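A closer look at the structure
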Amino acid sequence: MGAGYVGGPTMAVIAKMCPKILVTVVDLSQKQIDAWNSDSLPIYEPGLEEVVKVGRGRGNLVFSTEIEKSIAEADVVFISVNTPTKTAGIGAGRAANVKNCELCARTIAKVSTSDKIVVEKSTVPVRTSDAVRSVLEHGANPGVKFQVLSNPEFLAEGTAVDDLERPSRVLLGSLQSDAGLKACQVVANVYANWVPREKILTTNLWSSELGKLVANAMLAQRVSSVNSISALCEATGANIAEISRSCGTDPRIGPKFLQASVGFGGSCFQKDILNLVYLCESYGLNECAEYWNWVVKMNDYQKSRFSLKIVRSMFNTVTGKKIALFGFAFKKDTGDTRETAAAFVARDLIEEQAKVHVYDPQVSREVMMMEFNYTLGLSEATKPGFGDYVITETDPYEAADGAHAIAVVTEWDEFKTLDYQKLYDSMSKPAFIFDGRNIIDAPKCREIGFQVYSIGKPV
Ligand code: NAD
Ligand code: UGA
């Protein structure tokens, strides 16, 4: 249930790896299902088309809106629906909204006439499985039994197919009863078709649910830690890349997730940390809540620090200036813009009345505008004329033509190999580059004549 960024790729890989299993992916959205059945998939993910084609071609991967019929026929149901941060009511702005999970459980209970294993794949607050189990048991048809498992997903966007085909681990939580452990083995056996047994970790239900939130919180914490040090580097003349390298060489620290940036984005890091913060507060663990909340605060600081740097460097005014924004997705190799730092930077520049020309190889204007509206409440309705300040471009050279500055906000590989001399020649002078991803060749660009600012590096 749920044909989104997780449900689609996850189930497509199960279908590819398990030819004898029929996988039906259902969603409420006809548009989403039609796209999964077409040549133009609803999400961009390297290698995904090939995987989907294998299952669709073989006939064991089906996308459908026939939710009730598909569930009635299934032995195992994965709930893979969105669990966004609540926008109103108790815990608004922090707690996760598990409404969609509960709705799924109600539908499953109503239409099931045979026993089923129900697997929470969505990221949920710890003990959501209790609620799911309660809804299932109270709504069950006579004689029908359910087992609830937790199987959170660890794929990252842009590398989803690889992450699913070669996962670092598969986490499976169950009740420690005989029936719970048996159900756990059924799903473990599915994964064992391609995942080595030692990578299939089994735990109790609540460790699995909480383990997912903690994994994301710890990854985000590393980014916020390194970003906080990037500010200190800029103040002192140290270089964040050298610090990440020297710290990352210690095997106890490791090299991953130490890349300083304009700030992390994506649909989950902030949502899951806020969820963790809310959980801590709910149990009266205020110091723990405050500790994790600072990971988000540091990220907000990093995003606004970048915007401020642009305005300050350009003589404290960007009013009426053209600024090229390179990238809008929250990271490379995805068209996903949810919570992208790019939107915050663009918003700050537009508040200063700059004209922001955005080029991203995978993001359409429609998606960009939806993101401004959804995350920042910015639209023609709330700020008339707003759309005139965001100009979407299909070519990076056009985006930069006549611009006073380029701001790199997504680390698309293609930005590394652009002709920076050509870009420089077409720009207003002095021409600035603000590299929010530290991917461009700063010394070479300085030689060309650019004024270059990189995150956490000496100017
Ligand atoms: P998404 O918004 O891309 O997809 C969710 C889909 O569920 C939507 O298509 C929606 O129409 C559908 N849906 C909602 N309610 C439904 C219902 N009652 N019946 C059928 N379909 C329904 O969300 P996503 O990014 O795939 O995330 C899903 C979950 O996985 C979230 O809890 C998220 O935190 C978690 N997660 C996401 C990622 C990621 O990279 N995006 C990675 C790991 C975990
Ligand atoms: C993240 C986790 O990596 C996945 O394991 C998890 O399943 C997923 O969240 C989820 O639950 O949704 P994702 O958000 O797709 O995956 O992408 P990441 O690669 O983790 O990047 C998140 C953000 O951090 C991006 O904006 C990225 O640019 C930024 N980042 C990452 C940095 O700024 N520096 C780094 O060193 C690493």
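The structure contained in this document is the topic of the report that follows. Every value quoted in this text rests on a predicted model; they were computed, and no experiment measured them.

**Things to note about helix α12 (residues 286-313)**
- The end-to-end C-alpha distance of α12 is 39 Å, a good match for the 40 Å that 28 residues give at a rise of 1.5 Å each.
- At W294, α12 shows its maximal bend, which comes to roughly 25°.

**Observations regarding the packing of aromatic side chains**
- Scanning all chains against the criterion turns up 15 aromatic pairs.
- With 5.5 Å between their ring centres and 55° between their planes, F328 and F372 make a pair best called tilted. On the criterion of sequence distance, the pair formed by F328 in the loop between β8 (322-326) and α13 (341-351) and F372 in helix α14 (residues 365-376) is long-range, its members being 44 residues apart.
- Residue F372 is classed as buried on the basis of its relative accessible area, which comes to 0%.
- Taking 6.2 Å as the distance between ring centres and 50° as the angle between the ring planes, the aromatic pair formed by F434 and Y453 counts as tilted. Remark: Y453 occurs in strand β13 (residues 451-454) and F434 occurs in strand β12 (residues 432-435); sequence separation between them is 19 residues. We note that F434, like Y453, is buried.

**Notes on the site of ligand 1**
- Every one of the 23 residues lining ligand 1 counts as a neighbour, but V6, D27, T83, E157 and K271 are closest to it.
- In this structure, D27 approaches ligand 1 through a side-chain N or O atom, which is 2.7 Å from an oxygen atom.
- A distance of 2.6 Å separates an oxygen atom of ligand 1 from a polar side-chain atom of T83.
- With the chains in place, 89% of the 830 Å² that ligand 1 exposes on its own is no longer accessible.

**Observations regarding the pattern of salt bridges**
- According to the stated counting rule, one finds 19 salt bridges in the structure shown.
- The residue E153 makes a salt bridge to K121 at a minimum N-O spacing of 3.0 Å. Linking E153 in the loop between β5 (146-150) and α7 (160-165) with K121 in the loop between β4 (116-120) and α6 (128-139), this pair joins segments that are 32 residues apart in sequence.
- In this structure K121 comes out as buried when scored by relative accessible area, which is 1%.
- Between D162 and R166 there is a salt bridge; the shortest N-O distance is 2.2 Å.
- A relative accessible area of 39% places D162 in the partly exposed class.
- When its relative accessible area of 57% is taken as the criterion, R166 is described as exposed.
- A single salt-bridge network, built from bridges that share partners, covers R127, D130 and R133.

**Focus: the site of ligand 2**
- Near ligand 2 you find 20 residues, and of these F154, L155, E157, S261 and R437 are the closest.
- The backbone of E153 places a nitrogen or oxygen atom 3.4 Å from an oxygen atom of ligand 2.
- N216 is positioned such that a nitrogen or oxygen atom in its side chain is 2.8 Å from an oxygen atom of ligand 2.
- In isolation ligand 2 offers 700 Å² of accessible surface; the protein chains occlude 89% of this area.
- If one sorts the elements of the shell around ligand 2 by residue count, helix α9 (residues 205-236) sits on top with four residues.
- Class assignment for the residues of the shell around ligand 2 results in eleven nonpolar, four polar and five charged.

What counts, and where the lines are drawn
- All residue numbers refer to position in the chain's written sequence, counted from 1.
- Each chain gets a letter, beginning with A, and each ligand a number, beginning with 1, in the order they are written.
- Confidence filtering applies because this is a predicted model: local features only for residues at pLDDT of at least 70, side-chain atom pairs given and counted only at 80 or more, and all residues used for totals across whole chains, interfaces and linings.
- For the side-chain quantities, the full set of heavy atoms in the structure was used; hydrogens and water were omitted.
- Numbered from the N terminus, helices here are DSSP runs of H or I no shorter than four residues, and strands are runs of E no shorter than two.
- For a helix, the expected span equals 1.5 Å multiplied by the residue count minus one.
- Bend at a residue means the angle formed by two fitted axes: the first through the 7 residues ending at that position, the second through the 7 residues beginning there.
- We call Phe, Tyr and Trp rings a pair once their centres come within 6.5 Å, taking the six-membered ring for Trp, and we label the pair stacked below 30 degrees between planes, edge-to-face above 60, and tilted otherwise.
- Exposure is judged per residue with a 1.4 Å probe applied to protein chains only, and the accessible area is read against the type maximum: over 50% gives exposed, under 20% gives buried, and values in between give partly exposed.
- Working definition: residue near molecule or strand if any one of its non-hydrogen atoms lies within 4 Å of it.
- Here a polar contact means two N or O atoms within 3.5 Å. Within protein one must be a hydrogen donor candidate and the other an acceptor candidate, and residues neighboring in sequence count only if both atoms are side-chain atoms.
- Here, Shrake-Rupley sampling with a 1.4 Å probe gives the accessible areas, and only protein chains in the shown set may cover a residue.
- Only one rule defines a salt bridge in this text: a Lys or Arg side-chain nitrogen within 4 Å of an Asp or Glu carboxyl oxygen.
- Three classes are used: nonpolar for Ala, Val, Leu, Ile, Met, Phe, Trp, Tyr, Cys and Pro, charged for Asp, Glu, Lys and Arg, and polar for all others, with Gly counted as polar.

Remember that the coordinates give geometry; whether it matters functionally is a separate question.
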